[in-house]
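Residues per chain are reported as follows:
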Amino acid sequence: MWLNEIYHHLDPVAFSLGPLSIRWYGIAYLMGFICAGIVMWKTAKRWQLDLVLDDLISLIIGIAFGVILGGRLGYVLFYGAGYYLAHPLSIFMFSEGGMSFHGGLVGALIGGSLACKFMHLSIRTMADLAVIGAPLGLFFGRCANFINGELWGKPTNLPWGVIFTPGDVARHPSQLYEGLLEGLVLFIVLFALSYRGSSFGRSQVGASTSSSTSSTEKPRSHTIQTNQVVKPYPQGTFLGVFLLLYGVFRFLIEFVRLPDEQLGYLLGTTWLTMGMVLSLPLIGMGIVELVLAHKRQISQIGYL
């Protein structure tokens, strides 16, 4: 079990500076926002949106606050099971863990929308840009979950099973499954789509440079050069794909991932988890967003 050997040689603490310990989980969040920002900036330039770098940084800060606050509140509401009603101060104990993707998504949309309103940016275009880079953050976050030994899967006999601490049974490294599908695969799909769209030509007419004025001279020849310009897919396309594929990937992986201990399986079943319940609306919203994007055909823009 080669992956098990790797896991047991990993330390959740990346390094320490005196009494201060820097954990991989915090580094994952930082790297996620940085990489997402770089992807957004490069994509915006390729789409010729004329986005100002300072505005992009402000937008990312707004999204980051939304992700952190929304992720924590989402965990409290969806996975708290009454614990935080009895211990309200624990809501602010981020070091104890407990973040929800679905809550973080709502928080990111709210925080990003407020930032867009303030800077007069197109909310839908910025959402499309953000979800292209977001899977990289999900990938780093799931890798950090693996290092922390949390959110593990059901028992397995597969050669890449991992014996998480505490425990003595090899389990699915469901964190890495999520990192692969919700992270790398989703990023590749969205990033590839960002290079595609509807092509249209821009024609340029040029004339020969001959200076002869002889009456016997043949008429000047003209050349037509056509530059193919790719117009990105309309607003809402990337957000729709992100919601749809994330929901599908997360729903499927929940079959091999253990439910949160405080909740267990829902509705008396032996398979339905809170993650599945929260992912179904994402699939529906993704389909609706794609249909609306196709019907509206609103071009991607930077500023309103």
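I will try to describe carefully the structure that is included in this document. Predicted model only: the values in this text are computed from it and were never measured.

## Some remarks on the nonpolar core
Counting residues in hydrophobic clusters, the biggest one holds 37 residues, and the most contacted among them are M40, L59, F101, M126, L129, L190 and F242. The set of elements that each furnish at least two residues to this core consists of α2 (24-46), α3 (53-79), α5 (101-119), α6 (123-148), α7 (174-193) and α8 (237-253). Looking at which element gives the most residues to this core, the answer is α6, with eight residues. Setting aside residues up to four positions removed in sequence, L59 forms contacts with M40, G112, A115, C116, M119 and M126. Of all hydrophobic cores here, the second largest spans 10 residues; its members include Y75, Y79, L266 and M276.

## Some details on α2
Over its 23 residues, α2 extends 32 Å from the first C-alpha to the last, a length consistent with the 33 Å expected when each residue adds 1.5 Å. Looking at the buried side of α2, the elements it contacts are α3, α6 and α7. Looking at the residues trailing α2, positive phi occurs at Q48, about 60 degrees.

## Description of empty space enclosed by the protein
In total, this model carries one cavity of 30 Å³ or more according to the counting rule given. Space inside the largest cavity adds up to approximately 60 Å³. Y79, R250, E254, R257, L258, P259, D260, L263, G264, T273, M274 and G275 together form the lining of the largest cavity. Looking at side-chain class alone, the lining of the largest cavity contains five nonpolar, three polar and four charged residues.

## A look at the packing of aromatic side chains
Within the structure shown, the criterion is met by 19 aromatic pairs. Geometrically, the ring pair formed by F101 and F242 is tilted, given 6.5 Å between the ring centres and 45 degrees between the ring planes. Of this pair, F101 sits in helix α5 while F242 sits in helix α8, and the two are 141 residues apart along the sequence. For the pair F101 and F242, one class covers both residues: buried. Consider the rings of F251 and F255, whose centres lie 5.7 Å apart with planes at 80 degrees: the pair is edge-to-face. One aromatic cluster is present, built from ring pairs that chain together Y7, F146, W152 and F164. We note R46 situated over the ring of F191; from NZ or CZ to the ring centre the distance is 5.7 Å. A cation over an aromatic ring shows up here: R46 above the ring of Y195, its NZ or CZ 3.6 Å from the ring centre.

## Some remarks on the layout of surface pockets
To find leftover empty space, one rolls a probe the size of a water molecule over the atoms. As a volume, the second largest pocket reaches approximately 450 Å³. For the second largest pocket, the lining is made up of 26 residues, of which L105, V106, G107, L109 and I110 are closest to its centre. At the level of secondary structure, the elements contributing two or more residues to the lining of the second largest pocket comprise α3, α5, α6, α8 and α9 (274-296). Here the residues of the lining of the second largest pocket sort into 16 nonpolar, eight polar and two charged.

## Quick look at a nonpolar patch on the surface
A cluster of nonpolar side chains, L53, I57, I61, F65, I68, L69 and F94, forms an exposed patch at the surface whose accessible area comes to about 640 Å². Structurally, L69 is set in helix α3.

## Things to note about the environment of G104
With respect to the element layout, G104 can be found in helix α5. Separated by 31 residues in sequence, G104 and L73 have C-alpha atoms that sit 8.4 Å apart. In contact with G104, other than residues within four places in its own chain, are G66, V67, G70 and G71.

Calculation criteria
Residues numbered from 1 in each chain as written. Predicted model: local features only at pLDDT ≥ 70, side-chain atom pairs only at ≥ 80, totals over all residues. Heavy atoms only, no water. Core = buried A, V, L, I, M, F, W, Y, C linked by side-chain atoms within 4.5 Å. Buried < 20%, exposed > 50% of the residue type's maximum accessible area, 1.4 Å probe, protein only. Helix = DSSP H or I, 4+ residues; strand = E, 2+ residues; numbered from the N terminus. Contact = heavy atoms within 4.5 Å. Expected span 1.5 Å × (residues − 1). 1 Å grid on protein atoms, 1.4 Å probe; cavity = no way out; pocket = protein on both sides within 12 Å on 5 of 7 lines; lining within 4 Å. Points joined across faces, edges and corners; volume = space filled by probe spheres on them. Nonpolar A, V, L, I, M, F, W, Y, C, P; charged D, E, K, R; others polar. Phe/Tyr/Trp six-rings, centres within 6.5 Å; stacked < 30°, edge-to-face > 60°. Lys NZ or Arg CZ within 6 Å of the ring centre and 35° of its normal. Patch = residues over 30% accessible without salt bridge, like charges linked within 9 Å, V, L, I, M, F, W, Y side chains within 5 Å. Areas by Shrake-Rupley, 256 points an atom, 1.4 Å probe, with all protein chains shown as cover. Salt bridge = Lys/Arg side-chain N within 4 Å of Asp/Glu carboxyl O.

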